[in-house]
Amino acid sequence: MCGIVGYVGQKQALPILLDGLMRLEYRGYDSAGFALYSKDHFEIKRNAGPVQGLIDLTQDCGKTETQGIAHTRWATHGAPNETNAHPHRAGEIVLVHNGIIENYSQIKEYLSKEGVQFSSQTDTEVFAQLIEFRRKEIAKKNPTQSAESTLLQSMKKAIDEVEGHYAIVLMALGIPGKLFGIQNGAPLVVSKLKDGALIASDIQAIIPYHNEVCFLPKGEIFIADKDGFHAKGLKFETIDWTADKVEKNGFESFMLKEIFQQPMVVADTLTGRLPLDQKSPFMWDHQKAHEVLWKNVKRLYLVACGTSSHAAMAAKYYFERWARLDCQVDIASEFRYRDPVFEPGTVVGVISQSGETADTLAALRLANDAGASTFSICNVPNSTIARESSFQYPTKAGPEIGVASTKAFTAQLTMLCALALDVGRLRGIQQTKDSAQKSFHGLARLPQDLDQVLSQSEAFIKIGEKLKNQRIILFVGRGTMYPIALEGALKFKELTYLPAEGFAAGELKHGPIAYIDPDVSIITLAPKDEWYSKTISNLEEIRARGGHIIAIGTEGDTEIQKISNEFIGLPKSAWGTQPILSVIPLQLLAYGCAKALGRNIDKPRNLAKSVTVE
Ligand code: G6P
């Protein structure tokens, strides 16, 4: 979603701002713009469409300016056109904004009555106009006060009046060399460079310049100048992400690179944590986890959105089996507005790649406020969700740029598999099925097995290409393969824009079977697990109705090959780790089909990487 970049210092600002915007493109946006502070005026350019379109407008511009703000906008209030693109100018100030101002229409009505004219339909302009209106009022009352004090007072006043979650960065004429802003629920990351101060909504735009960053504390107005940042509570820390991790490194898309990083990501997520004897506890802060979360646990809620919610669904199988724990999975946007029961012993785990998804964050806050014990599984270190949860089990997937999540999902599944095994131990559960011990081994050899699956990538991509003319694609599976089927369908629709649905294999008879014909492809996840024979029966029913079957099974399985049109054989893994292997072909099928259709792989239309509004 929307992205912010700001720079003030001794260098030419424009290239830094444009580079930052390109690095934030992955978040999803539909227009872009920037403002430079140029002697006694602002140079503002905005464009509907890609950042490249904005860059094309910059010949002869920005040669000398060393201060500016820039933005990519994902439309919420008002169409995605140039007029609504940021920055927004109001009198002496120019402003960029992420998030939503919930009471913008009341403020707009009030300001309109006071004679303020608006040129866009955005809530952002309302915020800018309100600050400017208050600035003029205060300046009138205190004409001798400095321009900076007047601006700061007007910002405080306006911030008290607006409701919502947001971040803003602004510049004001008459106050050169300074950027002002605040984060109020939408993150801002800052870094002090040798030659100035850099600010962005997301680490990706900062990492290529410096890896010492500070996530601004909520509710504190900051001032940035060439010497750095001035605000209360700034804590800088070193992030172990490097610039090459946010480059394509020879792959034609970030998504493809991220798919191939999965063996490494899984290894990194487990490194130093998997007990070598595969008997002792996992190596995270055990004492604390036991105290804070698991000692008195009676019920576990796992809450997430999108792909992360599919990881949560798979984890339900793990927690029920190995930890014998009542585990309920919820979509965050539903959970936050329902009336969940938080009895003593309720633990709430939230799962999020970005750690900033608005609904997931709201669900976490609801749980925290209700006194539940909370933990997070996040991929972005120090993200808001990570910081606000009582305990963290971080995934180590590194920066994920492709909007459609791949490596973050496998890292989440890996972490959840390990966690459920561990909780089973902490709770002293006697394992009655051998899946627990085998899954320990499965985790240890997962990177190797993933490599083996990826060695067949060309074949998966080719099968995907052939799907481009199908009327509809169904993804089906049983047990732990059911959430993987849902994830396969989600990947497919995100990337190809074709209709795709995921079903529990046992549900086929309750609806989808009605539309089975040769133009419908059914991608079936049928490893040789405890549900195999049931899934085979379901496949027979599909075959009898002429459906085109692509079976993803265990290598060497000749039975399933006889009843399917195409077969993908995967190495046999343990019950807990088989789902992690099985998602790989689904990612590559979606990729292959999307490529054949000429889709934008890294930035599918209308989607955003980090959904920071409801
Ligand atoms: C967006 C992204 C998805 C992601 C979902 C949840 O829809 O496009 O890839 O799964 O948000 O995001 P989170 O960062 O909370 O995992």
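Conventions we followed
- Residues numbered from 1 in each chain as written.
- Predicted model: local features only at pLDDT ≥ 70, side-chain atom pairs only at ≥ 80, totals over all residues.
- Heavy atoms only, no water.
- Helix = DSSP H or I, 4+ residues; strand = E, 2+ residues; numbered from the N terminus.
- Buried < 20%, exposed > 50% of the residue type's maximum accessible area, 1.4 Å probe, protein only.
- Lys, Arg positive; Asp, Glu negative; His and termini not counted.
- Salt bridge = Lys/Arg side-chain N within 4 Å of Asp/Glu carboxyl O.
- Polar contact = N/O pair within 3.5 Å; in protein donor to acceptor, adjacent residues only side chain to side chain.
- Contact = heavy atoms within 4.5 Å.
- Domains from an automatic or database assignment.
- Pairing = 2+ DSSP bridges.
- Axes fitted to C-alpha atoms, helices over the stretch in contact; angles between N-to-C directions.
- Expected span 1.5 Å × (residues − 1).
- Near = heavy atom within 4 Å.
- Areas by Shrake-Rupley, 256 points an atom, 1.4 Å probe, with all protein chains shown as cover.
- 1 Å grid on protein atoms, 1.4 Å probe; cavity = no way out; pocket = protein on both sides within 12 Å on 5 of 7 lines; lining within 4 Å.
- Sits in = over half its atoms within 2 Å of the grid points.
- Points joined across faces, edges and corners; volume = space filled by probe spheres on them.
- Parallel < 35°, antiparallel > 145°, perpendicular 65-115°, else oblique.
- Left-handed = near helix turned anticlockwise from the far one by under 90°.
- Nonpolar A, V, L, I, M, F, W, Y, C, P; charged D, E, K, R; others polar.

Draft legend 1. Inspection of the side chain of Glu356 at higher detail. As for its position among the elements, Glu356 is in the loop between β17 (346–352) and α11 (358–369). The buried charged residue Glu356 lacks any salt bridge partner; its closest oppositely charged side chain belongs to Arg387, at an N-O distance of 4.8 Å. A polar side-chain atom of Glu356 sits 2.6 Å from a polar atom in the side chain of Thr384. With residues near it in sequence (within four places) discarded, Glu356 still touches Pro187, Ser383, Thr384, Ile385, Ser610, Val611 and Thr612.

Draft legend 2. Representation of the domain arrangement of the chain in the model. Considered domain by domain, the chain is made up of domain 1 (2–245), domain 2 (248–455) and domain 3 (456–600). The C-alpha-based centres of domain 1 and domain 3 are spaced at 46 Å.

Draft legend 3. Region of interest: the pairing of strand β11 (residues 212–215). When strand β9 (residues 189–193) meets β11, the two strands line up antiparallel, connected through two bridges. Opposite Val189, over in β11, you have Phe215 as the bridge partner. In this sheet, strand β14 (residues 237–238) lies alongside β11 in antiparallel orientation, the contact comprising two bridges. Bridge pairing in β14 links Glu212 to Thr238.

Draft legend 4. Broad picture of the sheet that holds strand β5 (residues 88–90). Taken in spatial order, the six strands line up as β5-β6-β7-β8-β12-β13 in an open sheet, and their pairing is antiparallel. The open sheet terminates on both sides in strands that have one partner only, identified here as β5 and β13 (228–230). The average angle at which neighbouring strand axes cross in this sheet is 25°, direction not considered.

Draft legend 5. Representation of helix α13 (residues 407–426) in the model. Under the 1.5 Å per step criterion, the end-to-end length of α13 is 28 Å for 20 residues, consistent within 8% with the ideal 28 Å. Burial analysis of α13 places 18 of its 20 residues in the buried class, which makes it a mostly covered element. Just beyond α13, the residue with positive phi is Gly428, at close to 70°.

Draft legend 6. Focus on the site of the ligand. Taken together, 13 residues lie around the ligand, and Ser308, Ser352, Gln353, Ser354 and Thr357 are the ones closest in. Here Ser308 contributes a side-chain N or O atom positioned 2.6 Å from an oxygen atom of the ligand. Protein chains bury 90% of the 390 Å² of accessible surface belonging to the ligand in isolation. More than half of the atoms belonging to the ligand lie within 2 Å of the grid points that define the largest pocket. With three residues, helix α9 (residues 306–322) is the single largest residue contributor to the shell around the ligand.

Draft legend 7. Inspection of the layout of surface pockets at higher detail. Its volume calculated, the largest pocket comes out at about 590 Å³. Lining the largest pocket are 29 residues, with Cys305, Gly306, Thr307, Ala608 and Val611 sitting closest to its centre. Among the elements that make up the lining of the largest pocket, the one with the highest residue count is α9 (five residues).

Draft legend 8. Expanded view of helix α4 (residues 123–141). Relative to the 27 Å expected for 19 residues at 1.5 Å per residue, α4 spans 27 Å between its end C-alpha atoms, a close match to the ideal helical length. The buried fraction of α4 is high, at 14 of 19 residues.

Draft legend 9. Here's a closer look at the packing of α13 against helix α14 (residues 435–444). Axis separation between α13 and α14 bottoms out at 11 Å; the angle between their running directions is 140°. With respect to α14, the element α13 is oriented oblique. The hand of the α13/α14 crossing is left-handed. Counting all contacts with α13, which are made through Thr414, Cys417, Ala418, Leu421 and Arg425, the residues of α14 involved are Ala436, Ser439, Phe440 and Leu443. Of the residues in the contact of α13 with α14, the class split is six nonpolar, two polar and one charged.

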